[in-house]
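Secondary and tertiary structure notes
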Amino acid sequence: MLDAHFRDAVAQPDQVPDKETESMLSEMGALFVMLLVILLAAEVFTNALEHLGEKLKISEGVTGSLFAAVGTALPETLVPLLAIFGGRGTGNAEVSEEIGVGAILGAPLMLSTLSVFLMALFALKKRGASGHLTPEKTGLKRDLNYFLMAFGLAAVAMFVPHDVPAVRGGLSAALVLLYFVYIMQTLKASAALVKEGHATEAGGAMFLARLGLPTNWTTILLQLLGGLALLVYGAHGFIGHVEATSELLGISALLLSLMIVPIATELPEKINSILWIRKHKDTLAFGNITGAMVFQGTLLPAIGIALTPWAPQKEVLAGIAITLVAAAWLRFWAGHIKVWHLFVSGALYLSYLAISLS
């Protein structure tokens, strides 16, 4: 009987890998499909956004830093909110809060390191390592100044004890106010930038116009909303399959939310910026990323400070430190950025991986 039991125990592992492999291949296939949906959505969205900016006669900085940044930031904004509020009243509140905190802090980390590096990678072939990237510098500096200020405050809030809620509440309110002031300054700068030749210009005909429809407010908004809906759908589906894959690999909730979920949720920004950098629309490409960094470095940490433990942990502090270093590096070179400068951002992301996985 023991021999029979031993034979069953030995035979069983031969069957398990087959099921696990099948599940893994199924999840990878679904990830690929969702990635194609996001790629299509990004093309539709950026095409409509360029026509909207041209129609409104606004600068590329406003189009990239506000419209594109907030629009494409919706998927990663929903993840921490759903995690934090969805976990309340359940037995998984602590895990949900970990996912929420990780997603809030992981998004700016990915944008300032991996997303910036991917832009450089796609610019390398045409411009070379010493080639210049020429985003409008005043807008880039403004975005990064606000982000560094906001993310610094969010880092300080981690060390404020929970028994002084007034201080934590004050820091949370300051972050919300900071984003409001940022919007006002960005809009105020638009008119002058348009006069200087930085107006948004569409690179080609609108996709709906190619189907015989006129290019007017109705069709622009229709295509914009359609592209945005596809982005949210694709990112949401991608997140679900990434989480399923991570469960098969056995990764903790905090590590998952810091390292894996942001890769999925930041895909819209990455792809939009890559599309724009390939078309030499550097202001739109950078604005899309740095504008999203400001949005995610102010409003989302404000929610995290108010509704989660928001306490320092090794992975969290490492992520914050590397994010601030990456943003400061980009701010230092703002105005005369070369392609190779952005490869440093990629190295910083690898450093974070090494620290977390160790």
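Look up: the structure comes first, before these words.
This write-up is about the structure you can find in this document. Please read all numbers here as calculations on a predicted model, not as lab measurements. (Residues numbered from 1 in each chain as written. Predicted model: local features only at pLDDT ≥ 70, side-chain atom pairs only at ≥ 80, totals over all residues. Heavy atoms only, no water.)

**Here we look at the overall build of the chain**
Secondary structure assignment for the chain yields twelve helices and two strands. What you see in the chain, going N to C, is helices and strands ordered as α-α-α-α-β-α-α-α-α-α-α-α-β-α. For the chain, the proportion of its 358 residues judged to be buried stands at 51%. Contacts in the chain between residues at least 24 apart in sequence constitute 85% of all its contacts with a sequence separation of at least 6. (Helix = DSSP H or I, 4+ residues; strand = E, 2+ residues; numbered from the N terminus. Buried < 20%, exposed > 50% of the residue type's maximum accessible area, 1.4 Å probe, protein only. Contact = heavy atoms within 4.5 Å.)

**Points about the pattern of salt bridges**
Going through the model one piece at a time under the given rule, you end up with one salt bridge. Linking Asp-282 and Arg-127 is a salt bridge whose minimum nitrogen-to-oxygen distance equals 2.8 Å. Taken together, the residues span a long stretch of sequence, with Asp-282 in helix α10 (residues 282–307) and Arg-127 in helix α4 (residues 93–127) at a distance of 155 residues. Both residues of the pair, Asp-282 and Arg-127, count as buried. (Salt bridge = Lys/Arg side-chain N within 4 Å of Asp/Glu carboxyl O.)

**Side note on the nonpolar core**
Leu-105, Leu-133, Phe-286, Trp-310, Ile-337 and Leu-342 are the most contacted members of the largest nonpolar core, which totals 71 residues. Among the elements that line this core, the one with the most residues is α10, at eleven residues. Core analysis: the second largest hydrophobic core is formed by six residues, Ile-322, Ala-326, Leu-348 and Tyr-352 among them. (Core = buried A, V, L, I, M, F, W, Y, C linked by side-chain atoms within 4.5 Å.)

**Quick notes on a nonpolar patch on the surface**
On the surface, a nonpolar cluster with roughly 460 Å² of combined accessible area is contributed by Leu-177, Phe-180, Val-181, Met-184 and Leu-187. Note that Leu-187 resides in helix α6 (residues 165–195). A relative accessible area of 43% places Leu-187 in the partly exposed class. (Patch = residues over 30% accessible without salt bridge, like charges linked within 9 Å, V, L, I, M, F, W, Y side chains within 5 Å. Areas by Shrake-Rupley, 256 points an atom, 1.4 Å probe, with all protein chains shown as cover.)

**Regarding the environment of Val-294**
As for its placement among the helices and strands, Val-294 is situated in helix α10. Since its relative accessible area comes to 1%, Val-294 is described here as buried. Spatially, the C-alpha atoms of Val-294 and Ile-183 are 10.0 Å apart, while their sequence positions differ by 111 residues.

**Brief notes about the packing of aromatic side chains**
The way to describe two aromatic rings as a pair is by their centre distance and the angle between their planes. Within this structure, the stated rule accounts for eight aromatic pairs. Ring centres of Trp-333 and Trp-340 lie 6.3 Å apart, and the angle between their planes is 65 degrees; on these two criteria the pair is classed as edge-to-face. Members of the aromatic cluster, connected to one another through ring pairs, are Tyr-146, Tyr-179, Tyr-182 and Phe-295. (Phe/Tyr/Trp six-rings, centres within 6.5 Å; stacked < 30°, edge-to-face > 60°.)

**Things to note about the packing of helix α11 (residues 314–333) against helix α12 (residues 341–357)**
Contact geometry of α11 with α12 gives a least axis separation of 10 Å together with a crossing angle of 175 degrees. With respect to each other, α11 and α12 are oriented roughly antiparallel. In this structure, α11 uses Lys-314, Glu-315, Ala-318, Gly-319, Ile-322, Val-325, Ala-326, Trp-329, Leu-330 and Trp-333 to contact α12, whose residues at the interface are His-341, Leu-342, Val-344, Ser-345, Leu-348, Ser-351, Tyr-352, Ile-355 and Ser-356. Of the residues belonging to the contact of α11 with α12, the class tally is twelve nonpolar, five polar and two charged. (Axes fitted to C-alpha atoms, helices over the stretch in contact; angles between N-to-C directions. Parallel < 35°, antiparallel > 145°, perpendicular 65-115°, else oblique. Nonpolar A, V, L, I, M, F, W, Y, C, P; charged D, E, K, R; others polar.)

**A short note on α10**
In a regular helix each residue adds 1.5 Å, so 26 residues correspond to 38 Å; α10 covers 37 Å between its end C-alpha atoms and thus fits that length. Of all bends in α10, the biggest is about 25 degrees, found at Pro-301. When you tally the buried positions in α10, you get 22 out of 26 residues, the bulk of the element. (Expected span 1.5 Å × (residues − 1). Bend = angle between axes of the 7 residues up to and from the residue.)

**With respect to the side chain of Glu-50**
For Glu-50, the position within the fold is in helix α1 (residues 2–56). Among the polar contacts made by the side chain of Glu-50, one reaches the side chain of Trp-276 at a distance of 2.6 Å. (Polar contact = N/O pair within 3.5 Å; in protein donor to acceptor, adjacent residues only side chain to side chain.)

**A short note on the environment of Leu-109**
With respect to the helices and strands, the residue Leu-109 is situated in helix α4. In this structure Leu-109 comes out as buried when scored by relative accessible area, which is 1%. Between the C-alpha atom of Leu-109 and that of Ala-321, which follows or precedes it by 212 residues, the distance is 9.4 Å.

**Some words on the environment of Leu-231**
Within the secondary structure, Leu-231 is located in helix α7 (residues 217–249). Linking Leu-231 and Gly-71, residues 160 residues apart in sequence, is a C-alpha distance of 9.2 Å.

**Focus on unusual backbone geometry**
A positive phi angle, near 65 degrees, is found at His-280, a position not held by glycine. Mapped onto the elements, His-280 comes out in the loop between α9 (267–278) and α10. Looking at His-280, the relative accessible area reads 48%, which means it is partly exposed. Backbone geometry at Trp-310 places phi at a positive 45 degrees, although glycine is not the residue there. Looking at where Trp-310 falls in the secondary structure, it is placed in the loop between α10 and α11.

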